[in-house]
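Each chain is listed here by its residues.
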There are 2 protein chains.
Amino acid sequence: MKIGELSRATGTNIETIRYYERIGLLPAPDRTAANYRSYGDAHRSRLSFVRHSRELGFTIDEIRSLLDLSDDPARDCGEADRIATRHLEQVEEKIAQLTLLRDELTRIVGRCRGGVAADCRVIEALGDHRHCENAH
Amino acid sequence: MKIGELSRATGTNIETIRYYERIGLLPAPDRTAANYRSYGDAHRSRLSFVRHSRELGFTIDEIRSLLDLSDDPARDCGEADRIATRHLEQVEEKIAQLTLLRDELTRIVGRCRGGVAADCRVIEALGDHRHCENAH
DNA sequence: ATGCACCCTGTAGCAACTACAGGGTCAAGC
DNA sequence: GCTTGACCCTGTAGTTGCTACAGGGTGCAT
């Protein structure tokens, strides 16, 4: 499989694939006589793993750990669980933060009744944190 | 006010203040004889505006527009409202995305029952998108 | 032999900071 | 008067996870 095919097969940008190779997330594949990268199924499933994990918001470093783990089938699964659990907690925290943010923005946006900037409640609210009801 | 005082007064990193000046978000202040930056109240409230807007998730470019607007009190307030409304929509979309993500992660994390990596449901789920119930 | 799609390397850019290195300034205390 | 420490200065490079070229080579069809 050439890089373009792998790209289509996994929905990954070609430049991204080369980037993953450069940072050591994907192993360097064999090359053809013309120096083209030549991938097999193992590469494809590894890349799918990476893409899927990225879609779920794991960082490259977390994915590196998860890949190490899956490369060594004898290791304890607890580490994968810890990584995923920690990530889940971060996502939950982010949701909570964004929810506060949304409420604050809703309050700010709702105050606009048109007019000129000098009287703008939106700009006023942005300038003065004391109008807020949440910490952020 | 020297930069350290401004930093404490607004809860902004000193390097960040200089960065904002460099990118033209804050006007360059006067200098003392020793070439130290010397700030006044106008600087402080402008920086507060910027920080508060950043906390609410506005991009630097959006903040630039909002500042332009507040610098020109005769202008129409509608633009500020549009920027804030669009941002609110983005936040809402982000929350929706993260919520799907959280559900997926919860499902994945819940499958771990210990054991070795070879049998790890977490790693399996990360490798195979078909286990997912949502688009992401 | 000429076009076109594809591949290669290497470098630079994005956002919004953050972190130095290497130097100058100023007030307090000995 | 001299040192110590806190503060300030500039300039550059690093962070994350890509993305976008520039400038060149390869492979196949017409």
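Residues numbered from 1 in each chain as written. Chains lettered and ligands numbered in written order. Predicted model: local features only at pLDDT ≥ 70, side-chain atom pairs only at ≥ 80, totals over all residues. Heavy atoms only, no water.

Q: In this structure, what is going on with the interface of chain B and chain A? I would like to understand it.
A: Accessible area lost on assembly of the parts is the figure often given for the size of an interface. At the interface, 51 residues of chain B touch 52 residues of chain A. A buried area of about 4100 Å², summed over both sides, lies between chain B and chain A, and 77% of it is on carbon and sulfur atoms. Across the chain B-chain A interface, the total number found is zero salt bridges. Across the contact surface, chain B and chain A share five residue pairs in polar contact (both at pLDDT 80 or more). (Contact = heavy atoms within 4.5 Å. Buried area = accessible area lost by both parts, 1.4 Å probe. Salt bridge = Lys/Arg side-chain N within 4 Å of Asp/Glu carboxyl O. Polar contact = N/O pair within 3.5 Å; in protein donor to acceptor, adjacent residues only side chain to side chain.)

Q: Even after reading the chapter, I still don't get the relation of the copies chain B and chain A, so can you show me in this structure?
A: For these two chain copies, the linking operation is a rotation about an axis paired with a shift along it. At an RMSD of 0.2 Å, chain B and chain A line up after a rotation of 180° and a shift of 0.0 Å along the axis. The superposition operator between the copies reduces to a two-fold rotation axis. Across chain B, the smallest distance between a C-alpha and the rotation axis is recorded for Ile-95 of chain B, namely 3.0 Å. (Least-squares fit on C-alpha atoms with pLDDT ≥ 70 in both.)

Q: Sorry, what's going on with the domain arrangement of chain A here?
A: Residues and elements named next belong to chain A. The domain boundaries assigned to chain A delineate domain 1 (3–75) and domain 2 (79–131). Relative to domain 2, the C-alpha centre of domain 1 lies at a distance of 36 Å. With seven residues of domain 1 at the interface, the matching set in domain 2 holds seven residues. Counting each side, the surface lost to burial between domain 1 and domain 2 is near 570 Å², with a carbon and sulfur contribution of 72%. Among the residues of domain 1 in contact with domain 2, Phe-58, Glu-62 and Leu-69 are the three that bury the most area, contributing 63% of the side total. Across the contact surface, domain 1 and domain 2 share one salt bridge. Residues Glu-62 and Arg-86 are paired through a salt bridge, measuring 3.8 Å at the closest nitrogen-oxygen approach. (Domains from an automatic or database assignment.)

Q: Would you explain the nonpolar core in this entry?
A: One recurring pattern in soluble globular proteins is that nonpolar side chains are buried together. Formed by 71 residues in total, the largest nonpolar core has its most connected members in Phe-58, Val-122 and Leu-126 of chain A together with Phe-58, Val-122 and Leu-126 of chain B. Beyond its immediate chain neighbours, meaning those up to four positions away, Leu-126 of chain A contacts Ile-108 of chain A together with Ser-48, Phe-49, His-52, Ser-53, Leu-56, Phe-58 and Leu-66 of chain B. (Core = buried A, V, L, I, M, F, W, Y, C linked by side-chain atoms within 4.5 Å. Buried < 20%, exposed > 50% of the residue type's maximum accessible area, 1.4 Å probe, protein only.)

Q: Is there a simple way to explain the packing of aromatic side chains in this structure?
A: The description of an aromatic ring pair rests on the distance of the ring centres and on the angle between the ring planes. All names here are of chain A. For the structure on display, the rule yields two aromatic pairs over all chains. Geometrically, the ring pair formed by Tyr-19 and Tyr-20 is tilted, given 5.9 Å between the ring centres and 45° between the ring planes. Overall, Tyr-20 belongs to the buried group, its relative accessible area being 3%. (Phe/Tyr/Trp six-rings, centres within 6.5 Å; stacked < 30°, edge-to-face > 60°.)

Q: I keep staring at the layout of surface pockets and nothing clicks. Help me out?
A: Which parts of space are left empty comes out when a probe the size of a water molecule is rolled across the atoms. Each pocket or cavity is described by its volume, and for the largest pocket that value is around 180 Å³. Along its surface, the largest pocket is lined by Thr-10, Ser-48, Arg-51, His-52 and Glu-55 of chain A together with Gly-127, Asp-128, His-129 and Arg-130 of chain B. Take the lining of the largest pocket: its biggest share by element is four residues, from helix α3 (residues 41–55) of chain A. Grouping the amino acids of the lining of the largest pocket by side-chain chemistry returns no nonpolar, five polar and four charged. In this structure, the second largest pocket encloses a volume near 150 Å³. The set of elements that each furnish at least two residues to the lining of the second largest pocket consists of α1 (3–10) and α3 (41–55) of chain B. At four residues, α3 of chain B tops the list of elements feeding residues into the lining of the second largest pocket. For the lining of the second largest pocket, the per-class residue count stands at one nonpolar, six polar and two charged. (1 Å grid on protein atoms, 1.4 Å probe; cavity = no way out; pocket = protein on both sides within 12 Å on 5 of 7 lines; lining within 4 Å. Points joined across faces, edges and corners; volume = space filled by probe spheres on them. Helix = DSSP H or I, 4+ residues; strand = E, 2+ residues; numbered from the N terminus. Nonpolar A, V, L, I, M, F, W, Y, C, P; charged D, E, K, R; others polar.)

Q: I'm lost on the protein's contact with DNA strand C in this one. Help?
A: The environment of DNA strand C is made up of 20 residues, and the closest members are Gly-4, Arg-18 and Arg-37 of chain A together with Tyr-36 and Arg-54 of chain B. Near-protein atoms of DNA strand C (within 4 Å) split between backbone and bases, with sugar and phosphate holding 75%. One of the backbone nitrogen or oxygen atoms of Gly-4 of chain A is found 2.8 Å away from a phosphate oxygen of DNA strand C. Contacts to DNA strand C include Glu-15 of chain B, whose side-chain N or O atom sits 3.3 Å from a base nitrogen. Listed by contribution, the elements that provide at least two residues to the surface near DNA strand C are α1 (3–10) and α2 (14–22) of chain A together with α2 (14–22) and α3 of chain B. (Near = heavy atom within 4 Å.)

Q: When you look at unusual backbone geometry in this model, what are you seeing that I'm missing?
A: With glycine set apart, most residues show a phi of negative sign, and most peptide bonds adopt trans. The phi angle at Asn-35 of chain A is positive, at roughly 70°, despite the residue not being glycine. With respect to the helices, strands and loops of the structure, Asn-35 of chain A is situated in the loop between β1 (30–31) and β2 (37–38).

Q: I tried to follow α2 of chain A on my own but got confused; where do I start?
A: Because each turn of an α-helix spans 3.6 residues, side chains separated by three or four positions in sequence point in the same direction. Residues and elements named next belong to chain A. Within α2, burial applies to Ile-17, Tyr-20 and Glu-21. Summarising the axial view, the buried residues of α2 lie within an arc of 100°, below the 170-degree limit, and thus occupy one face. Facing away from the buried side of α2 by more than 90 degrees, the exposed set consists of Glu-15 and Arg-22. If you follow the buried residues of α2, they end up packed against α1, β1, β2, α3 and α4 (60–71). For α2, the N-terminal capping position is held by Asn-13, with its side-chain oxygen 3.2 Å away from the main-chain nitrogen of Glu-15. (Arc of directions from axis to C-beta.)

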